[in-house]
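If you want the building blocks of each chain, they are given just below.
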Amino acid sequence: MAQPAVSPVIKGITMDSELNPFHDLYVTETSASRPEDFVELFSPFLIKNALLLFEPTNVVLKGTQGCGKSMLLNLLKPEIRLAYHKTPIDFPIPERLSTFIGAGINITRSGILDISQRPLSADPERDDRLFPLYFADFLNYWVVRDMLDSVTLMSKHPDVFPAINCESPLDEFARSVVQLECWFGYLDGARSLEELRARINTRIMAYRNYHQFNIRNLSEDISRTKTVIGEPISRAAECLAKCNIIKDATPIFIRIDQHEILCRSDDLRHDLGIQYRRIINKALSTRDPRVFYRIGTRSYAWGDDLAVFGTTSPLEWERDYKVIDLDDLLRRKEDRRAKWIFPGFAMDVFYRRLKRVYDTQGSTDVLFRRAMGRSPAPADLVLQYVGTSSARRALRIDDAWPREWQQYLESLFRDDPLEAKLAEAWALQKGEDNRPRMESPPPAEDRPWRSRRYWKKERVRQALMQLAASCGQRQLWWGEDNILSLSLGSILVFLSICQHIWDTLFRFERERPPAQRTNPLRGIGPEVQAIAIQTASSRWYHKIAVEEAGGNDRQRFINLLGQLLQAELYNDKALSYPGHNGFSLSSDDFLACPDVRRFLSDAVDYGDLYAVTHTTKARDRRQRIKWYLHPILSPHFKLPESHVKEPLYVRLATVIEWLKRAEITVKFPTKKSDKTSSVSDDLPLFPETDKR
Amino acid sequence: MNHTFRPWGMLPWILGKCPGLKWSLLASLSPEDRCLSTWLTLKKSTVLTANNKLLRIKDKESRFTPQTTRKVEERWKEFLAEGGERDSVVELDLFVAHADLVKTLDDFDSAAGENIVLDITSLPKRYFFPFIRRLVENSKARNIIATYAIPSSYTDQALAERFQEWRPLPMFAPAGEATYTKFVVSIGFMSMGLPDQVRQRCGQMDVELLFPFPPGPPGFHRNWEFVMDLQRELPNKLAIKHVDARDTSLAFDHLVIATDGGHKRAVLAPYGPKPHSLAMCLFAIRAGSEVCYTQPSIYHPDYSIGRSLCDGQPEVYAYVVRLHGHDIYTL
Amino acid sequence: MAEDLPAMICRWDRDSSTDIEFPRLLEIIQYLDQRLFSEYTPTQGPHITFQQRLSAWLSDAPNDKSRQTMFQLVSHLFFIGREAYISLYREAYRSPITRWIIDSADIDLCDPVINTKIAQAMNETWFCPISDSMQISEFYHANRISGVHFRPVWLSLAKFGDRAKLTSYTQKKFKRVVLLEDFVAAGGQMQPALNLAAELPKDIEFLLVPLVICPKGADSIEDFVKRNPANFTFSPVLRLPPRAFVAETPVDGESPFFEAVRQLVQDIYLQVSGGKPPDDNTKPYGPFGWKRTGALVVMYTNTPDNTLPIIHWTSNTWRSPLFPRSSRE
């Protein structure tokens, strides 16, 4: 049954006042969740932008945690398809693409990484040659076992899975698999699907037992029958078609989860991790007509190494695999004319979450807007920040300024504190020694900064930040636009903010009788939202160290960077550099130092920073990359989350210095041309920047 | 009596109940003052054999390395001054291969004799879990004791950093295909990525927390924050069991009950005090449970400070794992 | 009229000069309320809720700085709930008591019927409370001890008991006695009970098991045992360390926050006490409580008077204690 295309009007509300619709953030991400919860909460919004995932090609699905990778990959699992069938909700993949078989392996949970933890022989060099081969073999057996399980499940529900022809006997298929040469006879003797599965399981268990030190050796019948990566999977897929279990054109999608662990785990020698990745790359390079791989990974982790095991040629993008970059898809583009799809996605998810808890119907965007309201305009914020502070305090008026200016600013401040701030900045721009450019202020009715169209727009956030800071007030965020901006295209951040808002509301209204409690769907007050967003921001900051592997280093760096940028923006009284809530490095510099590259890439991969390429405004027109803190960290660091004008231009040496000050070990590049070998310890944190 | 007494208590008390026995010790030489508490107690009681080993386990290089190295030097000097043998120390990296862990234990075991003390005080879980397993399943020793020494205090900074992904501890991966219905967490100070795993893994599992009580403050408050942060991720109400932080036996009993005598498959997460981790280790060996952890790669050099004293002696608890050939922790 | 707690939190949170995360603290406090504080017996029944008490308590403070310190103080309280006490009963029985029994009955750890012998020895042991605040029947139920009809309070025996009858009964029915107490602060209150025990024949062994004990109390009992080494053993379950107290002078390892609390309780003592100057012999016994202990302990049954009076005292000028104490006198 199709979903209603047009939303009816919002109707009456009932609610359990203690039930937070956003309590469980990861329902659609985890395989541990109940499939029926997935069905209820999954938003099909992204499907049309990620159709490649269901097409017959290898796909690398990139994105930070919580961007929706796992959510999309879960659609490939038969249990999820089955769950949809039990509800009136249509399976969200277009019918022409919904006929496939899904199978997969989770790198961490399968135990495959134990291979290399125990020697296979007395010769370490020989072992190093063998470990990748056993890795391949284990992966083959695991995936084929998962394929068998998928086919078995699907064959029990022919009405759900038209891909499967249930009249074809599976035992016959099993026998044809057994006879495949790629097994080198290991499966001989199995005569049914059940026996085939048992035989495959025996081999997997042998690996497990060996690495648990339960048995002395891996038996010879394993060592003599190692399979080539991908081949058994492909041949088994062929058998499915030959035995008429599936139509010839039905693709098999093989998921490989947690791929990034191969180069990030201390438990695995780095060189071996690279070999294991190359084994997987080899599987992709075969470009099998039937079997297609889906690799969920973090963005930078994928590009580290594309070599194919046993060859000199690397994988080729577009030829061997295609990429879906969810972060890129969901992030707002710098060109504001480009459509930003994330708000639609977020609101759809918001709507589905609320529907579970509240008896409501309504259009998705109206529901969200009504709950959160509009974000504050500068005029709304400035009085909150300034309060009863004096002009001298709020503007940090310099006693050395001409008396006339001081009076002008104080007078203007009484009418409009924000205008006073902008006036001060305008006066300082192109002034010298921190003095205004003109001896006398402009006439009262004249406000020359207003004539420059973008000048005010680009500076107002920085102005508000300085006002708040000088008056000892935190900045405030609330409302629809703010929440979306702070989320930066991460559905996880968005849900987390909503979770905190609901939590804060419940917490504040705990003592009120139910009849007096706020109905969130009719609007949640700005104060509640502001506190919740501040709390969410601090929680995300703390999460960096607590919940992310290797996060302590990144947290120290983020902390240093956040404070530096905060100081940079606060001390810029002239509001000359409103874009200095981020920093920029030339691409050459970024590539010059592997440790810096890796560190910043990891920070992006984990969502602590985000990066955008840009072209310098300098004459050399060199390609550069700019980094910003994830916007959700902006409240914690008291920074504006929006990005205007040019970021802070720095050199590699500066970034290295930052890393050192954050107590992160960095190896300096050694080539003379890198200009970094002479970094001195007393290099200022902010050297001469390009003034644009 | 409605419970099984499994011998444990202060080390001198246990030693007093095993008169005449000489013990071989496997322990760790670390920056912590308490890393020598067991050795000092055994030495003072003159029950040490000549076959003892201290493992110097090296963290990953970090900003703590100079301070850590200095403190280990101090412990080493103290060890020598108190009569320790120079060739007792073996250096290993934190992330050696599983086979090297096993070899280290096997080498010690083969030289050790009939009575073994494994001091888990400063041994990372990545080490002591497979060591205990190997001893229980492989060692011919007739008597095996695990010991744990109490410090004066812990640092109030992060105890450890740069933790790895959530993985089974060496030799504690799932034995086969299994449906897990129980997730048991021992509560500590630092969650180190656990909430993320709770979300990912425990969706349909019952969750039980072993809350270390006693002791009380100041750790008490950090424990409750840990629980609160976990609760945020859990859709279901969770069961909290108060278990004395020193009581391995009671923790073991709770695990037995929680899993219906081991019949329900459980994933165990040892984030709390080491005696609780020891209980999880011993239980997992018997029940085939998976034990997962986010192993840190760096420890704070002031992880713990000082040695707690009891009647003038280092406060060291001993847990009898095997006594006269008879295994104590069974289902 | 008292400021609404949420409004207070909002106002405090807006101040960027502080790093204290007041909303997070509120979350912690509300969580502890849900898990622990709501068990507090003296406020069960027709009584305002914890959060209402919290708002009212904060409103009594003279200024925002005091309120903020008091608010932070809540998360430092050591609240021992019912479940925690039951675990203490169980731990007392399984650990110090069982080990003492093994020693007393000279049971071999290798004995194949060790558990049977321990059970037999437990049957020969009398478990009694020192004061009536020790919930002795809960101790018996938690450990499923049966067959003991009389469980007299030894403080009452010390006042009213017949020594000869007590001796005769004890020697006839039991080989040893375990005296339990829920909370020992300075140890003064239990002294008459200990003295009574010391008067009995030396062949009756005693084990003293405070479930929770403060440093001064531990010192006091250790002194007593040194004077009576023949048949007394002391084995507390939870010994609170000195750094868990807001003492008059700073203690090694204490939380840096305690300095602010130390200052606060002295600054506002006259308000808390209703105008009475600090006096060790007059309630509420000074800013740091009875015997200047400076405890932060609240038990689900009551708050001891060793705990900071700011937490439990009621006066004309301190109307809404957070955990009002139910006093014996």
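All of the points below concern the structure found in this document. (Residues numbered from 1 in each chain as written. Chains lettered and ligands numbered in written order. Predicted model: local features only at pLDDT ≥ 70, side-chain atom pairs only at ≥ 80, totals over all residues. Heavy atoms only, no water.)

**Some words on the sheet that holds strand 5 (residues 322–325) of chain A**
Residue and element names in this part refer to chain A.
Working step 1: The sheet built from five strands is open, its strands ordered 2-3-4-1-5 with parallel pairing. The open sheet has two edge strands with one neighbour each: strand 2 (101–106) and strand 5. Along the sheet, successive strands turn relative to each other by an average axial angle of 20°, direction set aside.
Working step 2: Bridge analysis of strand 2 against strand 3 (residues 252–257) gives six bridges, and the strand direction is parallel. Paired with isoleucine 105 across the bridge in strand 3 is isoleucine 256.
Working step 3: Its contacts with the sheet put helix 8 (residues 231–242) on strand 3 and strand 4 (291–297), and the angle it makes with strand 4 is roughly 130°. (Pairing = 2+ DSSP bridges. Helix = DSSP H or I, 4+ residues; strand = E, 2+ residues; numbered from the N terminus. Axes fitted to C-alpha atoms, helices over the stretch in contact; angles between N-to-C directions. Contact = heavy atoms within 4.5 Å.)

**Side note on the pattern of salt bridges**
Working step 1: Counting across every chain of the model gives 76 salt bridges over all chains.
Working step 2: With a shortest N-O distance of 3.1 Å, aspartate 553 of chain A and arginine 162 of chain B are connected by a salt bridge. Of this pair, aspartate 553 of chain A sits in helix 22 (residues 551–571) while arginine 162 of chain B sits in strand 8 (residues 160–163), each in a different chain. When sorted by exposure, aspartate 553 of chain A lands in the same class as arginine 162 of chain B, which is buried.
Working step 3: Taking the shortest distance from any N to any O, the salt bridge between arginine 622 of chain A and aspartate 588 of chain A comes out at 3.5 Å. A residue pair is termed long-range when its members are at least 10 positions apart, and arginine 622 of chain A in the loop between strand 7 (609–615) and strand 8 (623–629) and aspartate 588 of chain A in helix 23 (residues 587–592) qualify at 34 residues. (Salt bridge = Lys/Arg side-chain N within 4 Å of Asp/Glu carboxyl O. Buried < 20%, exposed > 50% of the residue type's maximum accessible area, 1.4 Å probe, protein only.)

**A word on the sheet that holds strand 14 (residues 290–293) of chain B**
Residue and element names in this part refer to chain B.
Working step 1: Spatially, the six strands line up as an open sheet ordered 9-14-13-10-11-12, and their pairing is mixed. Strand pairing shows two members of the sheet lacking a second neighbour, strand 9 (167–168) and strand 12 (239–243), which therefore form its edges.
Working step 2: By the bridge criterion, five bridges tie strand 11 (residues 206–212) to strand 12 in an arrangement that is parallel. Across the sheet, residue phenylalanine 211 finds its bridge partner in strand 12, namely histidine 242.
Working step 3: Helix-sheet contacts for helix 6 (residues 194–201) involve strand 10 (182–186), strand 13 (266–270) and strand 14, and the interaxial angle to strand 10 is about 170°.
Working step 4: In this fold helix 9 (residues 274–287) packs onto strand 10, strand 11, strand 12, strand 13 and strand 14, with an angle of close to 155° to the strand it touches most, strand 13.

**Observations concerning the pairing of strand 19 (residues 316–323) of chain B**
All names here are of chain B.
Working step 1: When you tally the buried positions in strand 19, you get eight out of eight residues, the bulk of the element.
Working step 2: Bridging between strand 1 (residues 8–10) and strand 19 involves three bridges; their strand directions are antiparallel. By the bridge assignment, tryptophan 8 is partnered in strand 19 with tyrosine 319.
Working step 3: Sheet topology note: the strand 19/strand 20 (residues 326–327) ladder contains two bridges and is antiparallel. Along strand 20, the bridge assignment pairs leucine 323 with histidine 326.
Working step 4: What sits between strand 19 and strand 20 in their antiparallel hairpin is a turn of two residues, with histidine 324 showing a positive phi close to 50°.

**A short note on unusual backbone geometry**
Working step 1: A cis geometry characterises the amide bond from phenylalanine 213 of chain B onward to proline 214 of chain B, with omega recorded as -15°.
Working step 2: Along the polypeptide, proline 214 of chain B turns up in the loop between strand 11 and helix 7 (219–233).
Working step 3: A cis amide bond, omega 10°, links proline 214 of chain B with the succeeding residue proline 215 of chain B.
Working step 4: Relative to the elements of secondary structure, proline 215 of chain B occurs in the loop between strand 11 and helix 7.
Working step 5: A positive phi angle, close to 55°, is found at arginine 396 of chain A, a residue other than glycine.
Working step 6: Inspection of the secondary structure assignment puts arginine 396 of chain A in the loop between helix 15 (391–395) and helix 16 (403–415).

**Observations concerning the interface of chain B and chain C**
Working step 1: If you look at the interface, chain B gives 39 residues, while chain C gives 39 residues.
Working step 2: Taking both sides of the interface into account, the surface hidden between chain B and chain C amounts to around 3600 Å²; carbon and sulfur atoms contribute 60%.
Working step 3: Here chain B is connected to chain C by five salt bridges.
Working step 4: For the salt bridge of arginine 94 of chain C with aspartate 253 of chain B, the shortest nitrogen-to-oxygen distance reads 2.9 Å.
Working step 5: Viewed at the interface, chain C and chain B are joined by 15 residue pairs in polar contact (both at pLDDT 80 or more).
Working step 6: Those elements that provide at least two residues to the side of chain B that touches chain C are strand 1, helix 1 (11–17), helix 7, strand 12 and helix 8 (248–258) of chain B. (Buried area = accessible area lost by both parts, 1.4 Å probe. Polar contact = N/O pair within 3.5 Å; in protein donor to acceptor, adjacent residues only side chain to side chain.)

Read these as geometric descriptors, not functional statements.
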